[in-house]
Amino acid sequence: MKSSTLAFSLLLAVLCPIGAAIYTPSMPELACYYNASPKLIQHSVTSYFLGWGLGYLFYGPATDRYGRRPVLISGLSLYTFFSLTLLVLPSAEALVAMRALQGAAAAVGSIISVLIITDVCEKSVATKQIGLRSSTLVASSIISPVVGAFALTNLGLQAPLLILVAFGSALLAYSVFVFDETSKSVGSEPLTFDKVSASYGALFKNRKYLGYLFVRPLLNGSVSAFQVIAPFLLIVHIGLSPEQFSLVIMSTAVAYFAGSQIVYCFAERIDGDTLLSWGIVACALGAGSMTASALLINNAIWGIMVPMYLINFGIGLIAPTTAAKAIQIFPKSGGVASGFREFVLLTMTGAITFGVTQFDFTSALPLGVFAFCSTMLGSVLFWRLTLRESHLQVRNT
């Protein structure tokens, strides 16, 4: 039962990213179908991520109070319904609104997939399994656009959306007929505003949690910024073809995959904070080398991509480790701890990408400087809030 439950958690984990990525090849044709501007159709991606982030704030407290299974069934039911509704929308504006609702419903898969792992596994094993989860997310982000493009080309405009309906329906059926509750501490009191506020207040009072909360989005900021500026920097200013560009971007996912696989292989033998520290060092080396190469050899492809491989490798170490450690601090309110962490990650990522779009990047130097500064800030917060607190706790005992 445990192995099948963990496999199910991996399928839940990819619900959100598949919903985002499988849809993107259809966007140009959707603009024609609705006679809408490309920018309006692009807003449907933004609204999806906005709903995804806000969904965490609701599902976190709900899954602590009512358990994993009933919240999962409710969320997947809504996701399947909203995915079906996307097939019959009359306008692009309605598409933008419905994608926000779909993203909010899909968040149930992301949050409960992590909670299932921490429910059924010991601490070190949970970190290992979350490393495998991170690898699965990378694979899904690579495969989904390919599947979406194939379905669009061979089966028509609605085919990618029908895949989402089928996937959501299959997960819903498993949740109803097979999946058993994994939480050992389902609440008994009503889910009131005061209770939810107290749960979130407890997060802000815990210094170790705050360290895990901020280190991931700060260090991940350079990856988010790169994703926004890469098409213009690599294609327009360096001269890569679109095909070369797609291969280069895909190769960064391999670096992330390598980092998450190290977590999977060594989490039971190496402390999570040690793995996290290795990730910070890799990100710092990547940011520093990008800055140096931009100063010495402007816009050399290897001077951009080798540092990005180091940064993505570091994030592969950091992402599963922070996810596991943050939840383990609050075993009775893991939903709140996990949901708020993911909400902060998406919010800060959105703010960083929006800020980056306000500037014209013709060189990798600003990206390198930003990556180095955000890495230093994240490492200082991690040391001051998490490691220092751990050292004090050990000294007091």
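Residues numbered from 1 in each chain as written. Predicted model: local features only at pLDDT ≥ 70, side-chain atom pairs only at ≥ 80, totals over all residues. Heavy atoms only, no water.

*Asks:* Go over the overall build of the protein with me, naming the residues and quoting the values.
*Replies:* Each helix and strand in the protein was counted, giving 15 helices and zero strands. Against the 2.2 N^0.38 benchmark of 21 Å for 397 residues, the protein shows a C-alpha radius of gyration of 21 Å, consistent with a compact globule. Dimensions of the protein, computed from C-alpha atoms along their principal axes, come out at roughly 60 × 60 × 35 Å. Relative to all contacts within the protein whose residues are 6 or more apart in sequence, the contacts with residues 24 or more apart total 85%. Total accessible area computed for the protein in this model is approximately 17,300 Å², and 69% of it derives from carbon and sulfur atoms. (Helix = DSSP H or I, 4+ residues; strand = E, 2+ residues; numbered from the N terminus. Rg over C-alpha atoms; globule rule 2.2 N^0.38 Å. Contact = heavy atoms within 4.5 Å. Areas by Shrake-Rupley, 256 points an atom, 1.4 Å probe, with all protein chains shown as cover.)

*Asks:* Would you mind going over the nonpolar core in detail, with residue names and values included?
*Replies:* Among the nonpolar cores identified, the biggest contains 107 residues, and I41 and L234 are the most heavily contacted of them. V263, I270, L275 and L317 belong to the second largest nonpolar core, which has five residues in total. (Core = buried A, V, L, I, M, F, W, Y, C linked by side-chain atoms within 4.5 Å. Buried < 20%, exposed > 50% of the residue type's maximum accessible area, 1.4 Å probe, protein only.)

*Asks:* Just give me the short version of helix 8 (residues 159–177), but keep the residues and values in it.
*Replies:* Compared with an ideal rise of 1.5 Å per residue, which puts 19 residues at 27 Å, helix 8 spans 27 Å between its outermost C-alpha atoms and is within 8% of the ideal. Listing the buried residues of helix 8 in full gives A159, P160, L161, L164, V165, F167, G168, L171, L172 and S175. Buried-residue contacts for helix 8 involve helix 1 (2–13), helix 2 (15–21), helix 5 (68–85), helix 6 (92–120) and helix 7 (123–155). (Expected span 1.5 Å × (residues − 1).)

*Asks:* Can you explain the packing of helix 1 against helix 6? Please cite residues and give values.
*Replies:* Here helix 1 crosses helix 6 at 155°, and the two axes come no closer than 7 Å. The pairing of helix 1 with helix 6 is recorded here as roughly antiparallel in orientation. Seen from above, helix 1 lies across helix 6 with left-handed handedness. Where helix 1 approaches helix 6, its residues K2, T5, L6, F8, S9, L12 and A13 are matched on the opposing element by G109, S110, I112, S113, I116, I117 and V120. Class assignment of the residues belonging to the contact of helix 1 with helix 6 gives a composition of eight nonpolar, five polar and one charged. (Axes fitted to C-alpha atoms, helices over the stretch in contact; angles between N-to-C directions. Parallel < 35°, antiparallel > 145°, perpendicular 65-115°, else oblique. Left-handed = near helix turned anticlockwise from the far one by under 90°. Nonpolar A, V, L, I, M, F, W, Y, C, P; charged D, E, K, R; others polar.)

*Asks:* Now, about the pattern of salt bridges: what can you tell me, with residues and values included?
*Replies:* By the definition in use, this model includes four salt bridges. The residue R68 makes a salt bridge to D119 at a minimum N-O spacing of 2.8 Å. Here the residue R68 occupies a position in helix 5, and D119 occupies one in helix 6, the gap between them amounting to 51 residues. Summarising the burial analysis for this pair, R68 and D119 share the class buried. Close ionic contact of R341 with E342 constitutes a salt bridge, the shortest N to O distance being 2.5 Å. Beyond isolated ion pairs, a larger network of salt bridges with shared partners links D64, R68 and D119. (Salt bridge = Lys/Arg side-chain N within 4 Å of Asp/Glu carboxyl O.)

*Asks:* Please set out the side chain of T5 residue by residue, giving values where relevant.
*Replies:* Secondary-structure assignment places T5 in helix 1. If we ignore the near neighbours within four places in the chain, the residues touching T5 are I116, F179 and T182.

*Asks:* So, the environment of S144: which residues are in play, and what are the values?
*Replies:* Tracing the backbone shows S144 in helix 7. By relative accessible area, S144 is classed as buried at 5%. C-alpha of S144 to C-alpha of I111: the two residues are 33 residues apart in sequence and 20 Å apart in space. Each residue touching S144, except ones within four places of it in the same chain, is listed here: I18, A21 and I22.

*Asks:* Please give an account of the packing of aromatic side chains that cites residues and values.
*Replies:* For the structure shown, the criterion picks out 13 aromatic pairs. Judged by centre distance (5.3 Å) and plane angle (70°), the rings of F204 and F340 are edge-to-face. Separated by 136 residues along the polypeptide, F204 in helix 9 (residues 193–204) and F340 in helix 14 (residues 334–356) bring together distant segments of the chain. Using a relative accessible area of 47% as the deciding quantity, one classes F204 as partly exposed. Members of the aromatic cluster, connected to one another through ring pairs, are Y200, F204, F340 and F343. The ring of Y264 carries the charged tip of K128 above its face, separated from the ring centre by 5.0 Å. (Phe/Tyr/Trp six-rings, centres within 6.5 Å; stacked < 30°, edge-to-face > 60°. Lys NZ or Arg CZ within 6 Å of the ring centre and 35° of its normal.)

*Asks:* If you had to explain the side chain of T322 to someone new, which residues and values would you point to?
*Replies:* Looking at where T322 falls in the secondary structure, it is placed in helix 13 (residues 301–329). A relative accessible area of 0% means that T322 is categorised as buried. Residues in contact with T322, not counting those within four places in the same chain, are Y212, V215, R216, L276 and R341.

*Asks:* Before we move on, could you go through helix 5 and cite the residues and values that matter?
*Replies:* Taking 1.5 Å per residue, 18 residues should reach 26 Å; helix 5 reaches 26 Å between its end C-alpha atoms and fits that length. For helix 5, the full list of buried residues reads R68, V71, L72, G75, L76, Y79, T80, F82, S83 and T85.

*Asks:* If you had to explain a nonpolar patch on the surface to someone new, which residues and values would you point to?
*Replies:* Together, L295, L296, I297, I301, W302 and V306 give the surface a local cluster of nonpolar side chains, amounting to about 630 Å² of exposed area. Every element with two or more residues in the nonpolar patch is listed here: helix 12 (272–296) and helix 13. In terms of residue count, the dominant contributor to the nonpolar patch is helix 13 (three residues). For L295, the position within the fold is in helix 12. Overall, L295 belongs to the exposed group, its relative accessible area being 60%. (Patch = residues over 30% accessible without salt bridge, like charges linked within 9 Å, V, L, I, M, F, W, Y side chains within 5 Å.)

*Asks:* An account of the packing of helix 1 against helix 7 is requested, with residue identities and associated values reported.
*Replies:* Contact pair helix 1 / helix 7: the axes reach a minimum separation of 9 Å and the direction vectors enclose 40°. Between helix 1 and helix 7, the angle falls in the class oblique. Crossing angle aside, the handedness with which helix 1 passes helix 7 is right-handed. Residues L6, L10 and A13 of helix 1 form the contact with helix 7, whose own contacting residues are Q129, L132, R133, T136 and L137. Here the residues of the contact of helix 1 with helix 7 sort into five nonpolar, two polar and one charged.

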